[in-house]
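# Structure assessment
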Amino acid sequence: MAAIGGLALALAVFQPASCAAQSSDGERKGPWAMFRFGFFAYKDGRKDEALKAYRDAAEHGHAGARWKLATMYASGDGVKEDDYEAFRLYEGVVNEGAAPGTRDETFIANSLTSLASYLRRGIPNSPISADPWRARQLYLQAASQFGDAGAQFELGRMYMSGEGGPVDLVQAARWFNLAMRKGHVGSEALLGKILFDSGKTARGLSYLTSALNKASEADSLWIRTLQEAAFAVASESDRRTAIALAGRN
């Protein structure tokens, strides 16, 4: 999870770190100011100060602070890793809600996908058992209500594999297509596989090839496996068409 990136986006219009770090205690009383101080303290490597500021802001109802605390507990970043505590904090963000169109919607969408991920596998030694059906519902909420590309991808995967409910390739393709339009490379690859397997060979192979060309190092291995398997059984004509189409994607 790119914690700093999400917070940086929310804080882009505010003053530089040197100004924030010099704020007096009186200026840090409000939850937004505490959150901002925590953000800059975190960037400066002062994680103990950041943690305290985030906790103070979270206790005063700041969704971003609660979300950031959750990400720190989830990854053991500046605090002992504790997935159950992260789950509780993400749940608090979702339960608190947000007014439509506000920056807090980003935190809620991210928290929904994090909760879904935990429910998909469960949390050992905690009250949270694996519940793929509920995970699918949370991904659906993040995907439909907030248009979150990551949630759309994971929801598509669950429809594709039948995890948490029946297989539905039409729904899987729909969610992959929506995420692909936002630049989600994994969704482009899996949409390509669905199309290829359904007989739309050239189009499917073109999406797989395009996705492989764009893939990060982390994604390239699994996408390459799918693309090479499809390429091996495609006709020479379909291969040439797919390569031409991939260059336009």
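Rules and cut-offs
Residues numbered from 1 in each chain as written. Predicted model: local features only at pLDDT ≥ 70, side-chain atom pairs only at ≥ 80, totals over all residues. Heavy atoms only, no water. Phe/Tyr/Trp six-rings, centres within 6.5 Å; stacked < 30°, edge-to-face > 60°. Buried < 20%, exposed > 50% of the residue type's maximum accessible area, 1.4 Å probe, protein only. Lys NZ or Arg CZ within 6 Å of the ring centre and 35° of its normal. Axes fitted to C-alpha atoms, helices over the stretch in contact; angles between N-to-C directions. Helix = DSSP H or I, 4+ residues; strand = E, 2+ residues; numbered from the N terminus. Parallel < 35°, antiparallel > 145°, perpendicular 65-115°, else oblique. Left-handed = near helix turned anticlockwise from the far one by under 90°. Contact = heavy atoms within 4.5 Å. Nonpolar A, V, L, I, M, F, W, Y, C, P; charged D, E, K, R; others polar. Expected span 1.5 Å × (residues − 1). Polar contact = N/O pair within 3.5 Å; in protein donor to acceptor, adjacent residues only side chain to side chain. Lys, Arg positive; Asp, Glu negative; His and termini not counted. Salt bridge = Lys/Arg side-chain N within 4 Å of Asp/Glu carboxyl O. Core = buried A, V, L, I, M, F, W, Y, C linked by side-chain atoms within 4.5 Å.

Attention now moves to the packing of aromatic side chains. The tally for this structure, following the rule as stated, stands at six aromatic pairs. Considering the side-chain rings of Phe39 and Phe40, the 5.1 Å spacing of their centres and the 75 degrees angle between planes classify their relative orientation as edge-to-face. What makes Phe39 buried here is its relative accessible area of 4%. Among the aromatic residues, those joined into a ring-pair cluster are Trp32, Phe35 and Tyr54. Across the ring face of Trp32, the terminal group of Arg103 is positioned such that the distance to the ring centre comes to 4.3 Å. The ring centre of Tyr159 lies 4.4 Å from the NZ or CZ of Arg136, which sits over that ring.

It is at 8 Å that the axes of helix H5 (residues 63-75) and helix H6 (residues 83-96) come closest, and there the two elements cross at 160 degrees. The angle between the axes of H5 and H6 places the two elements in the roughly antiparallel class. The hand of the H5/H6 crossing is left-handed. For the pair formed by H5 and H6, the contact residues are Ala63, Arg66, Trp67, Leu69, Ala70, Thr71, Tyr73 and Ala74 on the first element and Asp83, Glu85, Ala86, Leu89, Tyr90, Gly92, Val93 and Glu96 on the second. Of the residues belonging to the contact of H5 with H6, the class tally is ten nonpolar, two polar and four charged.

What you tend to see is this: most non-glycine residues have negative phi, and most peptide bonds are trans. One non-glycine residue, Asn125, adopts positive backbone phi at about 55 degrees. By the secondary structure assignment, Asn125 is in the loop between helix H7 (104-121) and helix H8 (132-145).

Attention now moves to helix H9 (residues 149-161). The first and last C-alpha atoms of H9 sit 18 Å apart over 13 residues, in line with the 18 Å expected at 1.5 Å per residue. Turning to H9, its buried residues are Ala149, Ala151, Gln152, Phe153, Glu154, Leu155, Gly156, Met158 and Tyr159. Taken together, the buried residues of H9 touch H7, H8, helix H10 (169-181), helix H11 (185-197) and helix H13 (217-233). The opening residue of H9 is Asp148, an N-cap whose side-chain oxygen sits 3.1 Å from the backbone nitrogen of Gly150. Once H9 ends, the next one or two residues include Gly162, with phi positive near 80 degrees.

Right, let's get into the packing of helix H12 (residues 201-214) against H13. Close contact between H12 and H13 brings their axes to 9 Å; oriented N to C, the two are set at 150 degrees. In this view, H12 runs roughly antiparallel relative to H13, as classed from their interaxial angle. Pair H12 / H13 crosses with left-handed handedness. For the pair formed by H12 and H13, the contact residues are Leu205, Leu208, Thr209, Ala211 and Leu212 on the first element and Ser220, Ile223, Arg224, Leu226, Gln227, Ala230 and Phe231 on the second. Its residues assigned to classes, the contact of H12 with H13 comprises eight nonpolar, three polar and one charged.

Attention now moves to H6. For H6, with 14 residues, the first-to-last C-alpha span of 20 Å sits near the 20 Å given by 1.5 Å per residue. Residues Ala86, Phe87, Leu89, Tyr90, Gly92 and Val93 constitute the buried set of H6. Taken together, the buried residues of H6 touch H5 and H7. The N-capping residue of H6, defined by a side-chain oxygen 3.2 Å from the backbone nitrogen of Tyr84, is Asp82. Directly beyond the C-terminal end of H6, a positive phi value near 75 degrees is found at Gly97.

Below, the discussion takes up the side chain of Arg66. Following the sequence through the fold, Arg66 ends up in helix H5. Among buried charged residues, Arg66 stands out as having no salt bridge; its nearest opposite-charge side chain is Glu96, 4.1 Å away. Discounting chain neighbours no more than four positions away, the residues touching Arg66 are Ala58, Gly61, Leu89, Gly92, Val93 and Glu96.

Counted under the stated rule, the structure contains 13 salt bridges. In this structure, Lys52 and Asp56 form a salt bridge, with 3.0 Å as the shortest nitrogen-oxygen distance. Within this pair, Lys52 and its partner Asp56 are both found in helix H4 (residues 47-59), separated by four residues, close to a single helical turn. Accessibility expressed as a relative area gives 53% for Lys52, which makes it exposed.

Take the nonpolar core next. By size, the foremost hydrophobic cluster in this structure holds 56 residues, and its most contacted members are Phe35, Tyr54, Phe87, Tyr90, Phe176 and Leu191. Ranked by the residues each element gives to this core, the list is headed by helix H3 (residues 31-43), at eight residues. In this structure, Ala189, Ala211, Ala215 and Ala234 belong to the second largest nonpolar core, which totals twelve residues.

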